[in-house]
Every structure is written in C-alpha cells, then in structure tokens.
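# Residue-level structural notes
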Amino acid sequence: MNFAVLQFPASNCDQDAVHVLKNVLGHSARLLWHKENSLGDVDGVLIPGGFSYGDYLRTGAIARFSPIMKAVQLFAENGGMVLGICNGFQILCEAGLLPGALVRNRSLQFCCERVHLKVATTRSGFTRAIPENKLLQIPIAHGDGCYFADESTLGELQKNDQILFQYATPQGMLTDAANPNGSLLNIAGICNKNRNVAGMMPHPERASEGWLGGTDGRLIFESWLQELTGRNKPSAT
Amino acid sequence: MKAKITVSPKKAVLDPQGKTVQSALEHMGYTGIRAVHVGKYLEIEIEGDKEIVRQQIDEACRKLLSNPVIEDYQFTLE
C-alpha cells in the first residue's frame, strides 16, 4: 500500500508515522508537504501529530486551509481512508471532515501518559482487526484533547456507532477518573458517518513496537491495511 | 478602518481557564463573581466599503477566526 503522511510546519510525529508504516509494517509511505496540491497515487492519508502553525488561533485552525487539505477533502469525499492522530484529529475536526471539536484539557495541563482505551466498535476500517473486548494501551500527549460536540451531534455519533475509542480504567470502565482531559463520553477517537475518516488523540505510532513498551497501536494500522486490501483504490487527486 | 472582534467560548463548552481565573480572583478577595469566561480579542485593520468589509469580516469569523462548534463571535467596525 502507498501512504501519504502530511507534513505541516511544526508537525512532529510525521517521521514516526512514516517509520511505522514503512519499517514496521513494510508498506510504502512518504512525507507530503502541506503546500502540495495533489496527493498523487495513494491508498491512504495519515495526518500526524504535532503543533501545526504553533497551534495559533486554535489547534488545527490554520493547517486546515493548507493547499493539500483540498485534495484530502476530495479524497475523503471519494471514499479514501484518512486517519488523523492527535493534531491530525484536531485538523480533521476544524476541516469539518469529522464532527465536533477538541478544546483545552480540563486540567489545563499537558497530558503525557499511557492510557487504556475501550474499543467502542470494531465495525470500522480502523478497528476491524482488534479482538473483541480487547482493551488497548496507547500513549497520549496533548494539551487540547478534550472532545466537545453538542448534544445532538453526540446522539448521532452514538446512533451511528461512530465512537471508536473511549478512555477507560484498566478494567475497561468508562469513569471520570479514567478521563484524562474531560472529553464528553470519554471520547478518544471517532470516525465520520461514512466510516472512511477517523481521528484519535492517542498515538498508535508510539505503541507499535515491543521495545517502545507496547504493540497495541499496530492493531489500528493493521485494521487499516486489512480494510484497504479488500477495497478498490479511490480516485486520488 | 478597524474591525474589533471578540471570540468567546459557548456556554456549553468547558472553560477551565475561566474557572481558574475566577478562583484566583476570589482568592484575591473579589466577591460576587458569578462566572468568568476567557475568550480572544482580535483587531483587523482593513480598507474598503463598510458594508462589504462587514460581510468579509463576518465570513472570516465564521470560517477561520472562530469555530462555531465551540465559540461565539461578535465584532464592531470603527
């Protein structure tokens, strides 16, 4: 598979994402500068973590207007699979490709820790390879990860089974204490209604090799690869 | 002319900064504070027909300067 990993000024998880896709999973991945207008020949797009444009104004607010995002929008509209991690999730929300928004952590502190994630649904191209009831351990590192959406949007997310990951206790309970940032419904990751665009605050690329302390993050990339293997390539632009 | 824009968090959105500032003010001895909301203030210096400028600023507020999911905005032209 061919992946494009977008690179904005102050992206800082871009190389890690390329490393995992290429060296750990054995696929082709290349960095794509945000000023590009075209994605080229790609099967999937990854928007990595970081602090694009210094988080000026709001996280992801300026990056979402970078030229490459027009191509991403079109790619997603044609069914192409897009995953946003951390700042990538914030950018996808700002771009309107995912519902809701990510605001300052409830504690006002930057949260950098390993969290437990309940997989709310395996009915998505980003979670399908995860064994039923498996709790994932993946690190987070963010200052603005508190997921917010109005009540009707939250209702839609639940009704359409769009919630992918929720912060949980080591026993898998969705408690307030297990919620590191104040996200509504303990939401750590969601997908769009068409299930081809997903965003998550935790960093699966930092949990894809045993020597880094865990491999649960790989299950997300493996789900993505499984899903892509079974479908036709969307028309890239 | 100058557009003076205020962006503030919507009521339903958690505003931990506002809460923290409120408790600091109370700690300093200020009483009767019911709520504090921390937002943003922007000034844009711009030339053009006032009505067109008004439309442009309104559009810019909706598209970039505020996020309607979490924020409200208002502005004046001077």
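Residues numbered from 1 in each chain as written. Chains lettered and ligands numbered in written order. Predicted model: local features only at pLDDT ≥ 70, side-chain atom pairs only at ≥ 80, totals over all residues.

### Re the interface of chain A and chain B
- Facing 14 residues of chain A, the contacting portion of chain B comprises 10 residues.
- Those elements that provide at least two residues to the side of chain A that touches chain B are strand E5 (101-103) and strand E8 (146-148) of chain A.
- Counted by class, the side of chain A that touches chain B contains seven nonpolar, two polar and five charged residues. (Contact = placed C-beta atoms within 7 Å. Helix = DSSP H or I, 4+ residues; strand = E, 2+ residues; numbered from the N terminus. Nonpolar A, V, L, I, M, F, W, Y, C, P; charged D, E, K, R; others polar.)

### Some words on the sheet that holds strand E6 (residues 111-119) of chain A
Residues and elements named next belong to chain A.
- Strand order in the open sheet formed by nine strands is E2-E1-E3-E4-E11-E10-E9-E6-E7, with mixed pairing between adjacent strands. With one partner strand each, in any of the chains shown, strand E2 (28-33) and strand E7 (135-142) form the two edges of the open sheet. Each strand axis lies, on average, 25° off the axis of its neighbour in the sheet, ignoring direction.
- Sheet topology places E6 next to strand E9 (residues 163-168); four bridges connect them, and they run antiparallel. Within E9, the position partnered with His-116 by the bridge is Ala-168.
- Strands strand E3 (44-47), strand E4 (81-85) and E7 of the sheet are contacted by helix H5 (residues 218-229), whose axis makes an angle of about 170° with E4. (Pairing = 2+ DSSP bridges. Axes fitted to C-alpha atoms, helices over the stretch in contact; angles between N-to-C directions.)

### Quick word on the pairing of strand E11 (residues 197-200) of chain A
Residues and elements named next belong to chain A.
- Here E11 shows two buried faces, one formed by Val-197 and Gly-199 and the other by Ala-198 and Met-200.
- In this structure, E4 lies alongside E11, joined through four bridges in parallel fashion. Paired with Gly-84 across the bridge in E11 is Gly-199.
- Relative to E11, strand E10 (residues 187-191) runs antiparallel, the two sharing three bridges. Bridging across to E11, Gly-189 finds its partner in Met-200.
- Linkage of E10 to E11, two consecutive antiparallel strands, is achieved through a turn of five residues, within which Arg-195 is found at a positive phi near 70°. (Buried ≥ 20, exposed ≤ 12 C-beta atoms within 10 Å, placed from the backbone.)

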